[in-house]
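# Per-entry structural report
What follows is each chain in one-letter form.
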Amino acid sequence: DKILIGSFQRDSVGDDLDKPKWQKNPDLLIEICKLLPKEKYLLVLTGPRRHYLIKRCITEHIPYLFVGNKEVFEKKEDDIMINNQSDETINLLYNLIDLNLVTSKSEGGPKAVLEASLTKTLICSTDVGFAKEFLHPDLMYSPDTIHIVKKVFEQIGEGIEKLESYKEYNYSRVQGVLGEDAYTSRIEKAITSL
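Overview of the structure. Just so we're clear, the structure is a prediction, and the values are computed from it rather than from any experiment. (Residues numbered from 1 in each chain as written. Predicted model: local features only at pLDDT ≥ 70, side-chain atom pairs only at ≥ 80, totals over all residues. Heavy atoms only, no water.)

### Focus: the overall build of the protein chain
- For the protein chain, the count of helices and strands is nine helices and eight strands.
- Taken over C-alpha atoms, the radius of gyration comes to 17 Å for the protein chain, in line with the 16 Å a tight globule of 194 residues would show.
- Here the C-alpha coordinates of the protein chain stretch approximately 55 × 40 × 30 Å along the principal axes.
- Residues counted as buried form 45% of the 194 residues belonging to the protein chain.
- A sequence separation of at least 24 residues applies to 60% of the contacts in the protein chain between residues at least 6 apart.
- Counting only carbon and sulfur atoms, one obtains 52% of the accessible surface of the protein chain, whose full area is about 10400 Å².
- Both charge centroids of the protein chain, one from 26 positive and one from 31 negative side chains, sit 3 Å from each other. (Helix = DSSP H or I, 4+ residues; strand = E, 2+ residues; numbered from the N terminus. Rg over C-alpha atoms; globule rule 2.2 N^0.38 Å. Buried < 20%, exposed > 50% of the residue type's maximum accessible area, 1.4 Å probe, protein only. Contact = heavy atoms within 4.5 Å. Areas by Shrake-Rupley, 256 points an atom, 1.4 Å probe, with all protein chains shown as cover. Lys, Arg positive; Asp, Glu negative; His and termini not counted. Charge placed at Lys NZ, Arg CZ, Asp CG, Glu CD.)

Following this line, the structure appears as structure tokens:
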């Protein structure tokens, strides 16, 4: 009876696990979670270097579930070689969650936009990297417009059909670039141009 919100990216600096990785902006994720009714969601986290975010979740009483080896947080160990998840586990998690959130300030990707879209998982993202190229405009937000995420969250709880069209939009945009036909076509064009 909970909405599962996923975040699978590193948020701690490698040389000081108590500090946030500014590019990933984990504090924005915390601000969004604080805006939502805690009894209605569970934050699902995985991946290495989640130390900062988990510490904030505990401090702010944000309900979360970490998938992986949790002992590293108590020991303050770098888990870069421990908590990396297989592609199969990441795929399973995308298929379990209701919403993925990207809160980054700076990104080359983010890879989550592609992964969530290809698994038809609803995703909201800041305007970072190539997110705007693939995601429906209604799913884009900024630190000043986090009410957009709250609105999407409420629509999930109400079972609004419009959300399915967002998933299909995102999927078709990514599939149009990364799908087998599009990929094969680009290879053929490259070969014939030589």
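There's plenty left to go through after this.
### Overview of the pattern of salt bridges
- In this structure the tally under the stated criterion is 16 salt bridges.
- Among the ionic pairs, lysine 55 bridges to aspartate 18, the shortest N-O distance being 4.0 Å. Here aspartate 18 lies in strand E3 (residues 16–20) and lysine 55 lies in helix H2 (residues 51–60), a separation of 37 residues in the sequence.
- By relative accessible area, lysine 55 is classed as partly exposed at 45%.
- Look at aspartate 18 and you get partly exposed, because its relative accessible area is 35%.
- One salt-bridge network, held together by shared partners, links Asp27, Glu31, Lys34, Arg56 and Glu60. (Salt bridge = Lys/Arg side-chain N within 4 Å of Asp/Glu carboxyl O.)

### As for the sheet that holds strand E4 (residues 41–46)
- Reading across the sheet, the six strands line up as E5-E4-E1-E6-E7-E8 and stay open at both edges, with parallel pairing between neighbours. Only two strands of the sheet have a single neighbouring strand rather than two, namely strand E5 (64–67) and strand E8 (140–141).
- The sheet contact formed by strand E1 (residues 3–7) and strand E6 (residues 99–102) spans two bridges and is parallel. Across the sheet, residue glycine 6 finds its bridge partner in E6, namely asparagine 100.
- Relative to the sheet, H2 contacts E4 and E5, its axis offset from that of E5 by approximately 155°. (Pairing = 2+ DSSP bridges. Axes fitted to C-alpha atoms, helices over the stretch in contact; angles between N-to-C directions.)

### Re the layout of surface pockets
- The computed volume of the largest pocket comes to approximately 480 Å³.
- Taken together, 21 residues make up the lining of the largest pocket; nearest its centre are Phe8, Gln9, Arg10, Lys111 and Glu115.
- Looking at the lining of the largest pocket, the elements that each hand over two or more residues are helix H4 (87–96), E6 and helix H5 (111–118).
- Taken together, the residues that form the lining of the largest pocket break down as seven nonpolar, seven polar and seven charged.
- Contributing to the lining of the second largest pocket are Leu17, Asp18, His51, Ile54, Lys55, Ile58, Tyr64, Lys70, Phe73, Glu74 and Lys76. (1 Å grid on protein atoms, 1.4 Å probe; cavity = no way out; pocket = protein on both sides within 12 Å on 5 of 7 lines; lining within 4 Å. Points joined across faces, edges and corners; volume = space filled by probe spheres on them. Nonpolar A, V, L, I, M, F, W, Y, C, P; charged D, E, K, R; others polar.)

### Considering the packing of aromatic side chains
- With the rule as written, the count across this model stands at four aromatic pairs.
- Their ring planes at 85° and their centres at 4.9 Å tell us that phenylalanine 66 and phenylalanine 73 sit as a pair that is edge-to-face.
- Residue classification places phenylalanine 73 among the buried positions, given a relative accessible area of 16%.
- Measuring from centroid to centroid gives 5.4 Å for phenylalanine 130 and phenylalanine 134, while their planes differ by 90°, and the two rings are edge-to-face.
- One cation-aromatic arrangement involves lysine 120 over tyrosine 171; the distance from NZ or CZ to the ring centre is 4.5 Å. (Phe/Tyr/Trp six-rings, centres within 6.5 Å; stacked < 30°, edge-to-face > 60°. Lys NZ or Arg CZ within 6 Å of the ring centre and 35° of its normal.)

### Focus: helix H8 (residues 162–178)
- Between its terminal C-alpha atoms H8 stretches 24 Å, which fits the 24 Å expected from 17 residues at 1.5 Å a residue.
- For H8, the complete set of buried residues consists of Leu163, Tyr166, Lys167, Asn170 and Val174. The buried side chains of H8 occupy one side of the element, clustering within an arc of 95° when seen end-on.
- Of the surrounding secondary structure, the elements contacted by the buried residues of H8 are H5, strand E7 (122–126), helix H6 (131–134) and helix H7 (147–158). (Expected span 1.5 Å × (residues − 1). Arc of directions from axis to C-beta.)

### Remarks on unusual backbone geometry
- Following glycine 109, the chain continues into proline 110 via a peptide bond in cis, with omega recorded as -5°.
- A positive phi angle, near 60°, is found at histidine 61, a position not held by glycine.
- With respect to the helices and strands, the residue histidine 61 is situated in the loop between H2 and E5.
- When its relative accessible area of 63% is taken as the criterion, histidine 61 is described as exposed.
- Even without glycine at this site, lysine 120 takes up a positive phi of about 55°.
- By the secondary structure assignment, lysine 120 is in the loop between H5 and E7.

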